Amino acid sequence: MKNADHPVKAMTKTEKLINIVIPLIVCAVGVMFIILPETLLIIALRVFGITAALLGTFIVLRFLYGSPVTSKLPYEAVAGAALMVVGIFTAINPEGVSNIVYTLVGAILFLDSFTKIIFAVKSRRIGIKSWIFTLVLAVINAAVALLLIIKPWDSAKIVAVILGASLVVEGLTNRLSGRSPGKNCRTMKR
């Protein structure tokens, strides 16, 4: 049997191709998030809105024209109509919807941070040595949460840029290391 026809050799070529292409795609997406964070956020929200509107429409139509054998509960139609409205609103005004969502996420994070600050203070009182670490992280988390509450859209753009930078670093790390799961498994067996 020739070496070129051997399945392990073919897999190795495929692995090499994957080890080149996927990190480059990850880097490209990361660069796009760094350069165009607002545009990509709007596109993602519009796609979500259109998908939700179509799903809501499908649910309402299934309720109205579905088989009489299936249970037709009125809440299904109401849920479908609500999903349709939210989807249409999101597709038309993605920034408005994102502001509401990021503000709610910020409020939840702030409440969580507040409970962790209380936990850190109580930890200090009972003598736990890592209380300062918990307190510092909780204060940082509270600051980020306040940014989300005060400037939700701007905070989302910052998060998108950070995500982009993370993707670029991940892609470069994977590309430069040249590691694939197959290679790691083979070296471990030796």
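Residues numbered from 1 in each chain as written. Predicted model: local features only at pLDDT ≥ 70, side-chain atom pairs only at ≥ 80, totals over all residues. Heavy atoms only, no water.

**What about the overall build of the chain?**
Check the secondary structure of the chain and you find seven helices and zero strands. Of the regular secondary structure in the chain, the N- to C-terminal order runs α-α-α-α-α-α-α. By residue count, 24% of the 190 residues in the chain fall in the buried class. A separation of at least 24 residues holds for 76% of the contacts in the chain among residues at least 6 apart in sequence. For the chain, the exposed surface amounts to about 13300 Å²; the carbon and sulfur share of it is 75%. (Helix = DSSP H or I, 4+ residues; strand = E, 2+ residues; numbered from the N terminus. Buried < 20%, exposed > 50% of the residue type's maximum accessible area, 1.4 Å probe, protein only. Contact = heavy atoms within 4.5 Å. Areas by Shrake-Rupley, 256 points an atom, 1.4 Å probe, with all protein chains shown as cover.)

**Considering helix α3 (residues 74–92)**
One turn of an α-helix holds 3.6 residues; hence residues three or four places apart share an orientation. An ideal rise of 1.5 Å per residue puts 27 Å on 19 residues; α3 measures up with 27 Å between its terminal C-alpha atoms. For α3, the secondary structure elements touched by its buried residues are α2 (37–65) and α4 (94–126). (Expected span 1.5 Å × (residues − 1).)

**Describing the nonpolar core**
In terms of nonpolar packing, the biggest core is built from eight residues, these being Phe33, Leu40, Leu41, Ile42, Leu45, Trp153, Ala156 and Ala160. For this core, the secondary structure elements donating two or more residues are α2 and α6 (152–177). Here this core gets four residues from one element, more than from any other, and that element is α2. (Core = buried A, V, L, I, M, F, W, Y, C linked by side-chain atoms within 4.5 Å.)

**Side note on a nonpolar patch on the surface**
Taken together, the side chains of Phe110, Leu111, Phe114, Ile118, Leu146, Ile149 and Ile150 present a nonpolar region at the surface, about 630 Å² in accessible area. Elements with a contribution of two residues or more to the nonpolar patch: α4 and α5 (131–150). As for its position among the elements, Ile118 is in helix α4. (Patch = residues over 30% accessible without salt bridge, like charges linked within 9 Å, V, L, I, M, F, W, Y side chains within 5 Å. Salt bridge = Lys/Arg side-chain N within 4 Å of Asp/Glu carboxyl O.)

**Observations concerning the packing of α2 against α4**
The geometry of α2 relative to α4 is characterised by a closest axis approach of 9 Å and an angle of 90° between their N-to-C directions. Taken as axis vectors, α2 and α4 run roughly perpendicular relative to one another. Taken together, the residues of α4 that come into contact with α2 (itself represented by Glu38, Leu41, Ile42, Leu45 and Arg46) are Pro94, Glu95, Ser98 and Tyr102. Of the residues that constitute the contact of α2 with α4, the class distribution is five nonpolar, one polar and three charged. (Axes fitted to C-alpha atoms, helices over the stretch in contact; angles between N-to-C directions. Parallel < 35°, antiparallel > 145°, perpendicular 65-115°, else oblique. Nonpolar A, V, L, I, M, F, W, Y, C, P; charged D, E, K, R; others polar.)

**Notes on the environment of Arg62**
Its place among the elements puts Arg62 in helix α2. For Arg62, a relative accessible area of 43% corresponds to the partly exposed category. Counting along the chain gives 15 residues from Arg62 to Ala77, while the straight-line C-alpha distance between them is 8.5 Å.

**Digging into the pattern of salt bridges**
Scanning all chains against the criterion turns up three salt bridges. When the shortest N-O distance is used, the salt bridge between Lys157 and Glu38 registers 3.5 Å. A residue pair is termed long-range when its members are at least 10 positions apart, and Lys157 in helix α6 and Glu38 in helix α2 qualify at 119 residues. Between Lys116 and Asp112 there is a salt bridge, with the nearest N and O atoms lying 2.8 Å from each other. Note that Lys116 and Asp112 are positioned in helix α4 at a spacing of four residues, about one turn of the helix. Residue Lys116 is classed as partly exposed on the basis of its relative accessible area of 38%. Here Asp112 falls in the partly exposed class, since its relative accessible area comes to 30%. Because the salt bridges share partners, they merge into one network encompassing Glu38, Asp154 and Lys157.

Don't take any of this as a statement about function, it's just geometry.
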